[in-house]
Amino acid sequence: MEVLPRATHLVGSRRQRALMPRYRPHVAARPSWRCRVCGTAWPCSPARLALLGEYREDRIGLLIYLATLLYEATGDLPGQAGQDRLTDRFITWARAR
């Protein structure tokens with residue numbers, strides 16, 4: 001006779017999964033350009049890691065994408081941060097080393 005797993009094992013597994021935090025993407029809230037998840041200046045560290053992973057094989061594409069976002073952020077944040085600071089925040093970190 002085959003022994004089937006008890007239902008309590010299944011319930012415990014589901015419960016355990018329900019208690020585990022789900023990943024929430026770290027995206028920018030506009031027009032403040034702060035992370036919707038952690039509230040820091042975007043791109044925050046988790047967003048940078050995600051972008052580097054997503055554009056792993058296309059660094060030029062990543063830099064073009066970030067330059068586009070820099071242009072949009074410059075319009076949303078006039079006078080709040082110098083152009084050099086925004087460039088460091090959006091692009092400098094992503095250059096190949």
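Residues numbered from 1 in each chain as written. Predicted model: local features only at pLDDT ≥ 70, side-chain atom pairs only at ≥ 80, totals over all residues. Heavy atoms only, no water.

### Brief notes about the packing of aromatic side chains
Alright, step 1. Counted under the stated rule, the structure contains four aromatic pairs.
Alright, step 2. Consider the rings of Trp42 and Phe90, whose centres lie 6.2 Å apart with planes at 55°: the pair is tilted. Taken together, the positions of Trp42 in the loop between β2 (34–35) and α2 (45–54) and Phe90 in helix α4 (residues 83–90) put the pair 48 residues apart, joining distant regions of the chain. For the pair formed by Trp42 and Phe90, the shared burial category is buried.
Alright, step 3. A ring pair is formed by Tyr55 and Tyr65, whose centres lie 5.9 Å apart and whose planes are at 20°; its orientation type is stacked. Here Tyr55 is found in the loop between α2 and α3 (59–76), whereas its partner Tyr65 is found in helix α3, with ten residues between them in sequence.
Alright, step 4. For Tyr55, a relative accessible area of 18% gives the class buried.
Alright, step 5. Among the aromatic residues, those joined into a cluster by ring pairs are Trp33, Trp42 and Phe90. (Phe/Tyr/Trp six-rings, centres within 6.5 Å; stacked < 30°, edge-to-face > 60°. Helix = DSSP H or I, 4+ residues; strand = E, 2+ residues; numbered from the N terminus. Buried < 20%, exposed > 50% of the residue type's maximum accessible area, 1.4 Å probe, protein only.)

### Considering α4
Each full turn of the α-helix corresponds to 3.6 residues, which orients residues three or four apart in the same direction.
Alright, step 1. For α4, the complete set of buried residues consists of Leu86, Arg89 and Phe90. Taken around the axis of α4, the buried residues stretch over an arc of 85°, which confines them to a single face.
Alright, step 2. The inward-facing, buried residues of α4 abut α2 and α3. (Arc of directions from axis to C-beta. Contact = heavy atoms within 4.5 Å.)

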